[in-house]
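# Structure at a glance
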Amino acid sequence: MSSPGARTQATGSPHSGVFGPEYAALTIAILSIIAVIAFESMAVSTAMPEVARELDAVRSYALAFSVMLTLQLLGIVLAGVWCDRSGPVPSLVAGQILFALGCGICGASTAFGPFLLGRAVAGLGAGLTFVAGFVVIGRAYPETLRPKVFGVLSAAWVLPSLLGPVLAGWITTTFSWRWVFWVVVVPAAGALAVIVARRRQILGDGADIEPSSRDHREHVRAAWLGLAIAVAAGLMQWGMHDLELRWSPRTVGGLVGLAGVAVCAPLLLPSGTFSMRRGLSSVMLSRFLLPFAFFGTLTYIPLMLTGERGLSLAQAGGLLAVGSIGWSVGSWIQGRDAFAGRRDRLVSSGGAALAVGLLCVVAIAHFGWSPWFVAGALAVCGLGMGLGTASLSVLALSMTPVADHGSASSSLQLADVLGSVIGIAGTGAIFAALHVGRGQDTPVFVTMWLCTAVVASLVIVAGRRIAQR
């Protein structure tokens, strides 16, 4: 599966393990960085109702989420350029500083404008951090350890998914919503200090790293395209989050944004991504389709459970947490040595599991089965995501020369976030256009989730295309 140029710079013994003496500090630092960002992304959902009330921004509630995602797209593209030219450490340092600064601004805001600025700064930092973190894994760990690293990273998402909303609720009630943002600054700074201290381990002597295959003009072009796709994605989200089936400035803006994304995305991702070309292109397409289907569904499950089935928000949140556990199990499974050389099959299996889980959600909604069955369906969905996404991260690094790990990681994260954004915007547009009223929207949910199940099934085919030459 590895290309001839995909040499790893890491020379440590794979038998020491990701928590062995050689890698323990670096592994914990990377885990901490991801966990802090994951906590913030989960916790803010719990704190946002109080933030919106205090800052008089209930009508602009969704902007707090879309602004961060939009700037995250820009950060992802810029990080790919930066890492190719200067290695991962500068991007990682800048990303963590910006993320901590953005959270600090949010916590200190007394109006919604500065709060949105803080979310934008934090999103830019998160985008820079995610890509640089993947490049660190590609450079600092031998190829045999990378599946285990990506498996362990799932824990950095699962625990915040389980504990983040509960902790954020307690912090907001006991102290203030501001501390939900301030509390991440110290651990972010601590993890950053470890990364800086371990920069020699990350960079090595640089002898095995050839120059990036992209020249200066390509890097500049990628940076401008990153800005363009961020603006287009923001416009698309603004236009589609409250879509009406009539012409209006908002509808036109949404369509222009969608067109902009459609033009820019193929230019930023490997050639042939959206035509399912063999090899790396199908890796990127799979990474786009999985979050499209998963998050396009997951976003509206609480609304269905509370609005159609009468569950409380706490009960709906508990059911969602089961999906995180399934994700962790899937990531652990793909990290086993037995699957080395067969990761394309894991991707197809992940797509199949996700499609089956989503069809189960459709059946539960359509036939009026007990809403508690959603937990099992989401566990299967999470299993599919864990099998697929971690395997795709390993494949992207193994199929790319070390010098181009920055651009490969950037493309991977871009496909991931873009899939989430378009999946959520697409299902949101369907819901807004067909919405009837509380207790009457079951057919709308069924229509939305049938569409996402079809998208998930495409991963089965894309996974088979990965290994073909």
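Residues numbered from 1 in each chain as written. Predicted model: local features only at pLDDT ≥ 70, side-chain atom pairs only at ≥ 80, totals over all residues. Heavy atoms only, no water.

A few words now on the overall build of the protein. Assigned secondary structure in the protein consists of 17 helices and 0 strands. Scored against the burial criterion, the 469 residues of the protein give a buried share of 56%. Residue pairs in contact within the protein that sit at least 24 positions apart in sequence constitute 82% of those at least 6 positions apart. Carbon and sulfur atoms make up 68% of the accessible area of the protein, which totals about 18600 Å². (Helix = DSSP H or I, 4+ residues; strand = E, 2+ residues; numbered from the N terminus. Buried < 20%, exposed > 50% of the residue type's maximum accessible area, 1.4 Å probe, protein only. Contact = heavy atoms within 4.5 Å. Areas by Shrake-Rupley, 256 points an atom, 1.4 Å probe, with all protein chains shown as cover.)

In terms of nonpolar packing, the biggest core is built from 132 residues, with I30, F99, F115, Y141, F181, L354 and W449 touching the most fellow members. Dropping the residues within four chain positions of it, I30 is found in contact with V136, I137, Y141, L153 and I195. (Core = buried A, V, L, I, M, F, W, Y, C linked by side-chain atoms within 4.5 Å.)

Now for a nonpolar patch on the surface. Side chains of L235, W247, V252, L255, V256 and L258 sit close together on the surface and give an oily, nonpolar patch of about 550 Å² of accessible area. When residues in the nonpolar patch are grouped by element, the largest group, 4 residues, is from helix 10 (residues 249-268). (Patch = residues over 30% accessible without salt bridge, like charges linked within 9 Å, V, L, I, M, F, W, Y side chains within 5 Å. Salt bridge = Lys/Arg side-chain N within 4 Å of Asp/Glu carboxyl O.)

A separate point is the pattern of salt bridges. Pairs may arise between side chains of opposite charge once their charged atoms sit close together. Scanning all chains against the criterion turns up 2 salt bridges. In this structure, R178 and E54 form a salt bridge, with 3.1 Å as the shortest nitrogen-oxygen distance. Taken as a pair, R178 in helix 6 (residues 178-182) and E54 in helix 1 (residues 24-54) lie far apart in primary sequence, 124 residues in all.

With that out of the way, let us pick up the packing of helix 11 (residues 280-298) against helix 14 (residues 343-367). Between two packed helices, both the angle of their axes relative to each other and the distance between the axes serve to describe the pair. At their nearest, the axes of helix 11 and helix 14 sit 11 Å apart, and the two run at 20 degrees to each other. Comparing the axis directions of helix 11 and helix 14 gives the class roughly parallel. As helix 11 packs across helix 14, the resulting crossing turns out to be left-handed. For the pair formed by helix 11 and helix 14, the contact residues are S286, L290, A293, F294 and T297 on the first element and V347, G351, L354 and L358 on the second. (Axes fitted to C-alpha atoms, helices over the stretch in contact; angles between N-to-C directions. Parallel < 35°, antiparallel > 145°, perpendicular 65-115°, else oblique. Left-handed = near helix turned anticlockwise from the far one by under 90°.)

What follows concerns empty space enclosed by the protein. Here the structure, examined in full by the defined rule, presents 3 cavities of 30 Å³ or more. The volume enclosed by the largest cavity comes to roughly 80 Å³. Taken together, I30, I33, I34, L92, T129, F130, G133, F134, V136, I137, L153 and I195 make up the full set of residues lining the largest cavity. Among the elements that make up the lining of the largest cavity, the one with the highest residue count is helix 4 (residues 112-140) (6 residues). Across the lining of the largest cavity, the residue classes break down as 10 nonpolar, 2 polar and no charged. (1 Å grid on protein atoms, 1.4 Å probe; cavity = no way out; pocket = protein on both sides within 12 Å on 5 of 7 lines; lining within 4 Å. Points joined across faces, edges and corners; volume = space filled by probe spheres on them. Nonpolar A, V, L, I, M, F, W, Y, C, P; charged D, E, K, R; others polar.)

Next up on the list: the packing of helix 10 against helix 16 (residues 405-434). One can describe the packing of helix 10 onto helix 16 by two numbers: an axis separation of 11 Å at closest approach and a directional angle of 160 degrees. Between helix 10 and helix 16, the crossing angle belongs to the class labelled roughly antiparallel. Considering how the two elements wind past one another, helix 10 and helix 16 form a crossing that is left-handed. Where helix 10 approaches helix 16, its residues V261, A265 and L268 are matched on the opposing element by S411, L414, L418 and I422. Residues of the contact of helix 10 with helix 16, tallied by class, amount to 6 nonpolar, 1 polar and no charged.

Our focus in this paragraph is the side chain of S348. Tracing the backbone through its elements, the reader meets S348 in helix 14. In terms of polar contacts, S348 uses its side chain to reach the backbone carbonyl oxygen of I460, at 2.9 Å. In this view, S348 contacts V459, I460, G463 and R464; residues no more than four positions away in its chain are not counted. (Polar contact = N/O pair within 3.5 Å; in protein donor to acceptor, adjacent residues only side chain to side chain.)

Once that is clear, we can look at the packing of aromatic side chains. Tallying each qualifying case throughout the model produces 13 aromatic pairs. Pairing F288 with F292 gives two aromatic rings, centres 5.9 Å apart and planes at 50 degrees, and the pair type is tilted. In this pair, F288 and F292 are both assigned in helix 11, 4 residues apart and thus about one turn of the helix distant. Exposure remark for F288: the relative accessible area of 8% places this residue in the buried category. Seen in terms of ring centroids, F295 and W327 are 6.4 Å apart; in terms of plane orientation they differ by 45 degrees. Their pairing is tilted. (Phe/Tyr/Trp six-rings, centres within 6.5 Å; stacked < 30°, edge-to-face > 60°.)

Bringing the side chain of T273 into the picture now. With respect to the helices and strands, T273 occurs in the loop between helix 10 and helix 11. Residues in contact with T273, not counting those within four places in the same chain, are S281, M284 and L285.

Here we come to helix 16. Its 30 residues place the ends of helix 16 43 Å apart at the C-alpha level, agreeing with the 44 Å of an ideal helix rising 1.5 Å per residue. Most of helix 16 is tucked away, with 24 of its 30 residues classed as buried. (Expected span 1.5 Å × (residues − 1).)

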